[in-house]
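Residues per chain are reported as follows:
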Amino acid sequence: MMSTDLRSAMGEFKVHRVRFFDYMPSGIRALAFNQDTERMAVARMDGSVEVFHCSDRFFQEKIIPGREQCGIEGLSWVGERLFSAGLNGGITEYDLTNQKVKYTIDAYGGPIWTITGNQQGTHLAVGCEDGTVKLFEVNEDQIQFERNLDRQKSRIISLSWHPSGSKIAAGMMDMIQVFNVETGHSIHRMLADRGAGTSRSKECVVWSVVYLSDGTIITGDSVGMVKLWDDQTGTLIKSHNVTKCDVLALSVSQNEDSLVAGTSEGIVVQFQFVSMVLEKDDKEWVRTRTFRNHTHDIRAVAEITTAVVSGGMDAQLVVRPLLDKIEVRSAASALRKIHFPHRRLVSCARKSGLMLFQYPGHLELWRLGESEGKGTPGSSLFVKRNPEKLLQLKVKGEDHIRCSAVSPCGGWIVYSTASTLRLYRLHCDNNNISITKISKLPKVLSSANQLCFSSDSSHLFSASAQSSVHIASLSQSGCKFVGTLKPKSGSHQAIHLLAASEDGKWLASANSDHEVHIYNLQTQKAHCTVPVYSSAVTAMGIHPATNCLFMMHADQQMFEYSIEQKQYTDWSRTVQRKGLHRFWVERDTPCLNVMFNPQNPSHVILHDMYMLCIIDQSLPLPDDKTQFYNQLTLKSLTEEQRKSQSHAFKVCKTFKDILCVELMPDQSLVVVERPLEDIATQLPAPIKQKKFAT
Amino acid sequence: MVETSDIRVVRCGGSKVNLTPPIISSDSRFVLCTSGDLVKVYSTRTEEWLHSLQGHTNQVTGITLNPANHLQVYSCSVDGTVKLWDFIDGILIKVQLVSGLCVSACPECFQLVSVHLPKSAEQEVEAKEMSAVSSHISKNPSCTAFGRGVRSVKHIFISFFSLCSFSLKATDKKGAKNAFTCIACHPTDDCIATGHEDGKIRLWRNFIHKKEYTYSTQHWHHNAVNTLCFTPEGTHLLSGGIESVLVQWQYGAGNRKEFLPRLGGSILHISASSDGQLFCTSHSDNKITVIESSFKVCGVIQGLVKGDAVLTDLMIDPRSKALVLNGKPGHLQFYSLLRDKHLYNLDIVQQEYIYEAGLDQFEVVKAAFDIKGSWLATVEERGKKSSDLEFFLKLWAFDERTQSFVLNTTITAAHTDRIISMCFSSSEETTMLVTAAEDSQFKAWCQGADDQNFWSCDFVGSYHKLNPTNCSFSADSSLLAVSFQEVITIWSPDTWEMLTTLCQPPGVIRDLCFGRLSCSKYLLGTTTKNLLCCWNLLTCELEWSTSVDVSKLQPDPFSENVAAFSYQSKHTDLFVFKPSEPRPLFTNKNVCSEKVHRAVFVPREEPLNSCDESTQWLNRSQLYFLTQNMDLLTFSTATEEDRMLSSSKQLVIDDSVAVTPFYLLLGKHRQQQQKLNTQSHPVSDKPQQTQGSLLHTPAHVLPAASVLCSMFVNSFLISNTGVHPLRVKTLVNFPKLMKYELLYL
């Protein structure tokens, strides 16, 4: 830990720069894009599934945590239902409303390598290790095994439906089979050659296959070729040598005029279906652009309407916009790299200086260090006491942690997986730490989507199914169920944010349908609902003095809502009327925390991955002509000039790759950083590539 | 000026053949390239120079095949004309005077103009319709390309330029060196290939759309791509750059490529024949390589190699009458100016040349032939910039058996400092070499008397420890003149006795030469103080002197004439005079705008017999000179040009046989035989001739069959009157006349 003084123009803070949270994002294994809802589903190596909203600045709407030993190999949307299949041999359907697994059924074909649904939404096809393609009928509430297609000798690696749903192309070891779905028999068998220069004994794996509506089958294989086949004759039309390594993933655009291929060198190659002679109709697939945004294998690509999305072993989701498809260039259409989840993985016990880090399989509790005296701005302080790890709590069972929290007093720790919720009482006197599990929990607290303590640590709020919030009172004796808060109306989407007011009177909840409900905790009734905004809420907080709810949205807009008056505050209306500065709106990561400075009630502190910002509500708002990042300019000005030049936004970019920022009661800031370089060093070595002149 | 009316400066012989892309005739039998004022026609099979298209009066800047007739070629020149040629017969068909095209007036600003060539039967027409397509284009022909279809040319061009501007804007921020260097259009598809400074090649498609254009990038060259060319079928893309590797990219198959490395100099242009069987690359060392489509080099057409500077003098090999000068690094090249052909390279340094910038390597700096051409002396040195100078004096003997020079003696420390001047004695009996060096000595070298015929030092001379600047033998080798700064000393080579000193201050002696033949009693010298002096050696007195800044003094070995180039006020003047007469024979003001440091008289094969006083000096030899821009220029007379024009018109060649000098020899013989035959069987042979001329003439230049039929039938009839031979004669000529008419219908 480092402690430095942060001087913005508006105040001084002692900063705990925390870099000991060894958060390691998991590699991306599969992508599935739903054109109708504009949602991108991402499956990671640890079995978690995330849903991103493509038209809402790729906000991570839903996270379904994974399990141990559950390697997802494929993802597929059928209508608005999401299915996955993995090497454990089961097909899983997800309950996206409550963000959990709905059910898992075994396909009885050994490990499943691929899953794909037809465009009609009637059937799912899975490719199994035993060489069968199994068809499942998608029913109202479940899926049901229908039949096997002709069994093959080798495993089925990849599958693609013809858009009409009458044929399926399957990529296997060394060959591609085309099946007639009706008869279940193979129509064509096309051999993929093992490639010149490679050893004859090394099999050619057809990693990916795409079936176009005009009957062209496109395959990507381990020899590094993208091949085009004709399904009428079963012959090779053309082959493109893309790489010396493997072509791992293919994806075609909705109107079938563009194709992207991801390779194990970390490059994405685009092919376009262009007419060779202008204003004529004979078109050909031509290799065009190359995108190099990854360092490691690209395991999944998806071409969405205006961008190419790719993900791989380096655990970042890259959204590369296709400039020729974009009408207006804006912040929403910029290159986007998503490294960290859009949820908080760190919670702070503000009053006792404890931090709880949430890993997939365990929790870590740390005590912050201490320093002596004050320093000059920008200098490092002497660390009197080093931070120490007090506790590591391993999760029982195979499920990963969904959410966790530590109470502000530092006396309670709670976490929830998909199946269980556990509450612990923490005794901490000097150096003796002891922890006791609260054994008898109320039945309703079986699982939670989001957890939160009241500011006096007397109550636990647990967001649960149907957008409801359960309240439990905490005391030395244990935990007692108090009541349930239910919204009057609206959707039943899971709650992903909770915010309790400092005076213990109000509780706000936000769900993935962008609804924000406010409850009166004294009457345990719904108080009001904030008008629904088109973009998701990424962070919110209730001001301790004015009891106004401050909300940040994925499109970088901010609102302040007065709970007592049930309306937006004047400042919020001014912001909306004047609009935010271009530079503010163009930032590409969402704000993840809203804090208030009790010393200076007009200050709101926000942070995203790249910066820390203090909004002074008493100062004028900047318009597009004013200099936005004006800290350095202000420094050079005299006191009077500074007054006329300064505006409400004070941005600090000293810190990078921020996971969490928290303001402690002693006016110190905790900044949890996870440098991307550290993540890169922990990744496996990428494929070695020859670089010219090295 | 009256003198210059029939003598003019031409670029004939040793000119650049790599200025524009060469073109290959549609039957792949000929390669055409621009070379100075000429368009040269080479055979692809034998690499032989067949003939040249002569008629332009200034640098030819471009050639292209007539799209309507593949046997014709258009050429354009700085003289403001576009000419249409029949390149097989070498006949000028038509001249277009393009009035507005004055490239010489504004060489900085190149415009692309489309000229509408009016249709008319006259031989000389003026093209008036002209429209500028785009301005500020690059001078390099690799930077313009035409796409598929005549109608779309303009379209593609404009779209390319807009594309060029905004794509550069988009990527300039990253500091990438992606400036465009060359462009090529696909022959059938709408695809543009561009080469970039960083060695990348981009293939652009869909470029008509403002936004939906797309491109793919390919990268092999590590330096700028100089040129790009699609094969006529469009299956391959050829690229070349400084690496001198020809790269063949398979069109549409990503990275599949083939290489043809080690082609010599860096590749400047690539062109392909219309059937795609042959490729031509022109290189920076003035060379055209003919390459088969299987990537095998099948012919090299080597022009005069011109490096950055010619360090040796221009010399004439007395045996082969070839021009000798620096060629490839470390070599002397032998170049026949009469045949305009590179003969061979003589490796002087005999060390591997390493292609790396800034490396100090041995270079041939001096060379001299003796009078018979049996000895060659060379000096090579390195360390010009640094203080540790290293140099060798080498003597080469001509070996009759191998017909080339063989190293005889290497003298490692001939002098203690750099050799300034070197000359052989000009007597037939004894050969002697004199070298003058900066160590204030001159040395005479002789061949050993005994059977070891190695060279050794015979005499060392010096004068008041002054540095010698020049040395020269008189025509009969009885006197040796060595200049030491301002003083000229005359020595007798037999006794090594200093006879006299001549001194005409002020100024260091720059050039020194003895008069020839009737003027051998005169010694000429130029000084740095702009003085040209002539001494009479019999009286040891100054005969005359004149104030002129002479940069090069060149005596003609075959006459009394001496040529002097003087440089003043940014142009070079030429004076030709006899030492005995102070009045010049010939004056040409403003020969060129650069300084001339090298010149040589090249003997003619057969002397001209011009009586005109001003052209007489060119009767026996021709004066070539080299400008600072490395252009080799010469003078030609009107009579000479007329003779060449008439000879080219006689050159009517049978299409079926490749035109080689061998054929021309044999062909003459055959024609004579045929003549004999005709005389013996006058009647039976004539119909055959007529049929032959009808059948051998390409069908597209023949008149309609209905016109020909009666004549054709007539030709079979046996004539019995004296009128018929005449009619047959007109018939024979008829298709030739029709050729012109039909083309412009």
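The structure displayed is predicted, hence computed values, not measured ones.

## Topic: unusual backbone geometry
Its identity as a non-glycine residue notwithstanding, Ser467 of chain A has a phi of 60°, on the positive side. Locating Ser467 of chain A in the fold gives a position in the loop between strand 42 (459-463) and strand 43 (469-474). Residue classification places Ser467 of chain A among the buried positions, given a relative accessible area of 1%. In this structure, Gln485 of chain B takes a positive phi of about 50° despite not being glycine.

## A look at the nonpolar core
Residue and element names in this part refer to chain A. Formed by 23 residues in total, the largest nonpolar core has its most connected members in Phe550, Met552, Met558, Trp584, Leu606, Ile615 and Phe649. Secondary structure elements with two or more residues in this core: strand 50 (548-553), helix 1 (570-578), helix 2 (582-585), strand 53 (593-596), strand 54 (603-607), strand 55 (612-616) and strand 56 (649-652). Excluding anything up to four places from it in sequence, Ile615 contacts Met558, Trp571, Ser602, His603, Val604, Leu606, Ala648 and Phe649. Counting residues in each nonpolar core, the second largest holds 20 residues, with Leu345, Met355, Leu368 and Ile679 among its members.

## Points about the state of the cysteines
Residue and element names in this part refer to chain A. A complete count under the given rule lists 0 disulfides over all chains for this structure. For Cys409, which is in no disulfide, the shortest distance to another cysteine sulfur is to Cys428 and amounts to 11 Å. Under the relative-accessibility criterion, Cys409 is labelled partly exposed at 36%. With no disulfide of its own, Cys591 lies closest to Cys613 among cysteine sulfurs, the gap being 7.4 Å.

## Some remarks on the pattern of salt bridges
Residues and elements named next belong to chain A. Per the stated rule, a full pass over the model turns up 30 salt bridges over all chains. Here Arg19 ties to Glu673 by a salt bridge, and the two come within 3.1 Å at their closest N and O atoms. One end of the pair, Arg19, is in the loop between strand 2 (11-18) and strand 3 (28-34); the other, Glu673, is in strand 58 (residues 668-673), with 654 residues separating them in the sequence. Using a relative accessible area of 2% as the deciding quantity, one classes Glu673 as buried. The shortest N-O distance in the salt bridge between Glu662 and Arg344 comes to 2.8 Å. A residue pair is termed long-range when its members are at least 10 positions apart, and Glu662 in strand 57 (residues 658-663) and Arg344 in the loop between strand 30 (336-338) and strand 31 (346-349) qualify at 318 residues. Through salt bridges with shared partners, a single network forms among Arg17, Arg19 and Glu673.

## Section: the UniProt feature "repeat: WD" (unreviewed entry) in chain B
Residues and elements named next belong to chain B. This chain's UniProt record puts "repeat: WD" (unreviewed entry) on residues 53-95, 173-204, 218-259 and 412-445. The distance separating the terminal C-alpha atoms of residues 53-95 is 13 Å; by composition the span is 0% helix and 58% strand. The annotated region residues 412-445 carries 0% helix and 50% strand content, and the separation between its end C-alpha atoms amounts to 14 Å.

## Thoughts on the environment of Lys394 of chain B
Residue and element names in this part refer to chain B. Turning to its location among the elements, Lys394 is positioned in strand 31 (residues 390-399). Sequence separation between Lys394 and Ser593 is 199 residues, and the spatial gap between their C-alpha atoms is 36 Å. Apart from the residues lying within four places of it in its own chain, the contact partners of Lys394 are Ile348, Val349, Leu376, Ala377, Thr378, Glu380, Leu407, Thr409 and Thr410. Among the polar contacts listed, one links the side chain of Lys394 to the side chain of Glu380, at a separation of 3.3 Å.

## Overview of the packing of aromatic side chains
Throughout the structure, instances matching the rule amount to 47 aromatic pairs over all chains. Residues Phe583 of chain A and Phe628 of chain A carry aromatic rings whose centres are separated by 6.4 Å and whose planes lie at 90° to one another, so their mutual orientation is edge-to-face. Highlighted residues: Phe583 of chain A in helix 2 and Phe628 of chain A in the loop between strand 55 and helix 3 (631-635), separated in sequence by 45 residues. Under the relative-accessibility criterion, Phe583 of chain A is labelled partly exposed at 30%. Residue class for Phe628 of chain A comes out buried when judged on its relative accessible area of 2%. Here Phe398 of chain B and Phe405 of chain B contribute two aromatic rings whose centre-to-centre distance is 5.2 Å and whose plane-to-plane angle is 75°, an arrangement assigned as edge-to-face.

## Things to note about the sheet that holds strand 9 (residues 90-95) of chain A
Residues and elements named next belong to chain A. Judged by pairing direction, the sheet is antiparallel, and its 4 strands sit side by side in the order 7-8-9-10 without closing on themselves. At either margin of the open sheet sits one strand with a lone partner, and together these are strand 7 (72-78) and strand 10 (100-106). Strand-to-strand twist of the sheet, defined as the mean angle between neighbouring strand axes without regard to direction, takes the value 25°. As paired elements, strand 8 (residues 81-86) and strand 9 share 3 bridges and run antiparallel to each other. Of the residues in strand 9, the one forming a bridge with Phe83 is Glu93.

## Topic: the interface of chain B and chain A
The figure often quoted for interface size is the accessible area lost as the parts come together. In this assembly, 19 residues from chain B lie in contact with 18 residues from chain A. Of the roughly 1,700 Å² buried between chain B and chain A, counting both surfaces, carbon and sulfur atoms make up 51%. Summed over the shared surface of chain B and chain A, the result is 0 salt bridges. Linking chain B with chain A are 2 residue pairs in polar contact (both at pLDDT 80 or more), by the criterion used here.

## Points about a negative patch on the surface
All names here are of chain B. Together, Asp308, Asp360, Glu363 and Asp388 make up a negatively charged patch on the protein surface. Its place among the elements puts Asp308 in the loop between strand 24 (297-302) and strand 25 (315-316). For Asp308, a relative accessible area of 80% gives the class exposed.

So, how was this worked out
Residue numbers here run from 1 along each chain, matching the order of that chain's written sequence. Chains carry letters from A onward and ligands carry numbers from 1 onward, assigned in written order. Only residues with pLDDT of 70 or above have their local features reported here, since the model is predicted, and side-chain atom pairs are shown and tallied only from 80 upward, although totals for entire chains, interfaces and linings are computed over all residues. Note that the side-chain values use all heavy atoms of the structure and ignore hydrogens as well as water. Helix numbers and strand numbers start at the N terminus; a helix is a DSSP run of H or I with at least 4 residues, a strand a run of E with at least 2. Here the term buried applies to any residue with accessible area under 20% of the maximum for its type, exposed to any over 50%, and partly exposed to those in between, with areas from a 1.4 Å probe on protein chains only. As used here, the term nonpolar core means buried Ala, Val, Leu, Ile, Met, Phe, Trp, Tyr and Cys residues forming a set that is joined through side-chain atoms within 4.5 Å. Two residues form a contact once any of their heavy atoms are found within 4.5 Å. For this text, the term disulfide refers to a pair of cysteine sulfurs within 2.5 Å. Take a side-chain nitrogen of Lys or Arg and a carboxyl oxygen of Asp or Glu: if they are within 4 Å of each other, that pair is a salt bridge. UniProt positions are given in the numbering used here, feature names are shortened, and annotations may be inferred rather than shown by experiment. Polar contacts, as used here, are pairs of N or O atoms within 3.5 Å; protein pairs need one atom able to donate a hydrogen and one able to accept it. Residues neighboring in sequence count only if both atoms are side-chain atoms. Working definition: a ring pair exists when centres of Phe, Tyr or Trp rings (six-membered ring for Trp) sit within 6.5 Å. Plane angles under 30 degrees give stacked, over 60 give edge-to-face, the rest tilted. Between any two strands, at least two bridges found by DSSP are needed for them to pair. Throughout, an axis means a line fitted to C-alpha atoms (over the contacting stretch in the case of helices), and angles, computed between N-to-C directions, take values from 0 to 180 degrees. For any pair of parts, buried area is found by adding up, for both, the accessible area (1.4 Å probe) each one loses once the two are put together. In this analysis, a patch consists of residues with relative accessible area above 30% that form no salt bridge, clustered at 9 Å for like charges and at 5 Å for the nonpolar side chains Val, Leu, Ile, Met, Phe, Trp and Tyr. In short, Shrake-Rupley with a 1.4 Å probe defines the accessible areas, and a residue's cover is counted only from the protein chains shown. Positive charges come from Lys and Arg, negative ones from Asp and Glu, while His and the chain ends are left out of the count. Charge coordinates come from a single atom per side chain, which is NZ of Lys, CZ of Arg, CG of Asp or CD of Glu.

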